[in-house]
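# Architecture and fold: a report
Okay, here's what each chain looks like letter by letter:
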Amino acid sequence: MATIKKEDCSCPRRKKPTCPHKPYRVSYREPGGRAGKPRQVSFKKLEDAEAFAVKVERDKDLGTYINPKAGQRTFQQVWREWVEAGTLEESSKRNYQSVYDNHYGPFFGNKPIGSITPTIIQEWEADQKERGYKENGINGRKNVLSSVFNYAVAAEIIGRNPCKKANPRRRSGQQITPVTDDDIPTMEEVLGIIAEAPKLIRAGFWAMAGCGMRPGESLALSDESMDWERSVLAVDHQVSAYGCQEISGYRRGVKRGTKHRAFEQARKTPVPESINEIFNDHIDTFETWGDRGWFFESPRLNDRHPSYDWFLDQFKAAAKLAGTPQYTPKSFRHFFVSEAIHAQIPLFEVAAWVGHRTTRTTELVYGHLVRRAMDRGARTMHNRLGLKLEPFKGLIVPPSLTPAEDDIEDWDDVA
């Protein structure tokens, strides 16, 4: 059992209320009986010491005990541990670091993670709004934040995830931010951006819009991955900013496998006839290079893949010149999925083409488009059945809502 002992300090009695000493010491053992490690925590006030003593014994009984010193680790320390504990690519780690530097570090970095309360989470959300960030972006970053706290709970660093209490009306477990109509470019906007792209890389833009490929995947297009006769593309490589020594011999370059999939799990996606012609025109103009017949080569170095960052910069510049700077390469994937759903292609097909883990991801991200597909489904069935029901309308007798006299007599007999 936890015990409380008072150890008086040497300060004069008149100064004790404001002295820095904590005279009330709670002694207890961690879970495990006599094998549990002895611990001591000091408090300024007796009531705080009593409350802690009751809580620590209750937590031990319930199996929810957390070492108080664990929560003294800073958010920054736990963040780094969380990043390293996962299986993130080096490029993803770099992106997470950028998000941390811009959004989490200034607000949470040096705070003990155990001191971060739901109120502090709400203050962070308010700060994000004051800085002009959109609600979708804030919600997405809060999902990441919640994952860090979930890790801290699982690692027994803290007892509860403060994000879950910061906004109890929010649906827990929602890790994906749905797209809106504003996130999806029109056909004219897609064509405008592609028209402003450098010819050397323009076929990669077409691959994103017409085949639903990610930027790194489109940069890794090759003659080897194309089934020209069936017009099917095997998406089995990607250009990444880090970790590519395996093939290219350089830190930056191409590697086997794509997001969520190893090399042997390459996905396949159909190539429209028009995109097939664009690929052929690209090869006729620029030729291919390397063992696999890579489509794209660095504009500055021979036998090297273009830089992933350079590709992103080219897209940003093209979007700005086209008058649509709000779009990113991911917007082209949104366009591809949107057009596929509008064409009533089954979700499991769309999910397989773009490399989603499950159709659930597709439903969460593009839910509003799926709901519209339901409306189209109802109209389709109406068009198929509605006209053919016309001859039967006079033969269909609606049920009587007013009981007949015979029915009333029958009920009287029953009564």
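A short tour of the structure in this document, coming up.

The rules behind the values
- Residues numbered from 1 in each chain as written.
- Predicted model: local features only at pLDDT ≥ 70, side-chain atom pairs only at ≥ 80, totals over all residues.
- Heavy atoms only, no water.
- Pairing = 2+ DSSP bridges.
- Helix = DSSP H or I, 4+ residues; strand = E, 2+ residues; numbered from the N terminus.
- Phe/Tyr/Trp six-rings, centres within 6.5 Å; stacked < 30°, edge-to-face > 60°.
- Buried < 20%, exposed > 50% of the residue type's maximum accessible area, 1.4 Å probe, protein only.
- Expected span 1.5 Å × (residues − 1).
- Axes fitted to C-alpha atoms, helices over the stretch in contact; angles between N-to-C directions.
- Patch = residues over 30% accessible without salt bridge, like charges linked within 9 Å, V, L, I, M, F, W, Y side chains within 5 Å.
- Areas by Shrake-Rupley, 256 points an atom, 1.4 Å probe, with all protein chains shown as cover.
- Salt bridge = Lys/Arg side-chain N within 4 Å of Asp/Glu carboxyl O.
- Lys, Arg positive; Asp, Glu negative; His and termini not counted.
- Charge placed at Lys NZ, Arg CZ, Asp CG, Glu CD.

### Some details on the sheet that holds strand β5 (residues 232-235)
Taken together, 3 strands build an open sheet; the order of strands is β4-β5-β8 and the sheet is antiparallel. Edge strands, defined here as strands with exactly one partner in the open sheet, are β4 (226-227) and β8 (267-270).

### With respect to the packing of aromatic side chains
Under the criterion given, the structure shown has 19 aromatic pairs. A centroid spacing of 5.5 Å and a plane angle of 85 degrees characterise the contact between Trp 82 and Tyr 96, whose relative ring orientation is edge-to-face. In this pair, Trp 82 sits in helix α2 (residues 75-85) while Tyr 96 sits in helix α3 (residues 90-108), placing the two residues 14 residues apart along the sequence. Owing to a relative accessible area of 24%, Tyr 96 belongs among the partly exposed residues under this scheme. Centre to centre, the rings of Phe 205 and Phe 315 are 5.2 Å apart; their planes meet at 40 degrees, and the pair counts as tilted. Of the two residues, Phe 205 is situated in helix α8 (residues 202-211) and Phe 315 in helix α12 (residues 308-321); the sequence distance between them amounts to 110 residues.

### A look at helix α13 (residues 329-342)
Its 14 residues give α13 an end-to-end C-alpha distance of 21 Å, which sits within 8% of 20 Å, the value for a rise of 1.5 Å per residue. Counted residue by residue, α13 has 11 buried out of 14 residues, so it is predominantly covered. Within the sequence span of α13, burial applies to Pro 329, Ser 331, Phe 332, Arg 333, His 334, Phe 335, Phe 336, Val 337, Ser 338, Ala 340 and Ile 341. Phi turns positive, to about 65 degrees, at Gln 344, one or two residues after α13.

### A word on the sheet that holds strand β1 (residues 3-6)
Strand order across the open sheet formed by 3 strands is β1-β2-β3, with antiparallel pairing between neighbours. Two strands in the sheet have a free side with no partner beyond their single neighbour: β1 and β3 (38-43). Between one strand axis and the next, the sheet turns by 25 degrees as a mean value, whatever way the strands run. By the bridge criterion, 6 bridges tie strand β2 (residues 24-29) to β3 in an arrangement that is antiparallel. By the bridge assignment, Tyr 24 is partnered in β3 with Phe 43.

### Notes on a negative patch on the surface
Taken together, Glu 273, Glu 277, Asp 281 and Asp 284 make up a surface patch of like negative charges. When you line up the elements, Asp 281 lands in helix α11 (residues 273-286).

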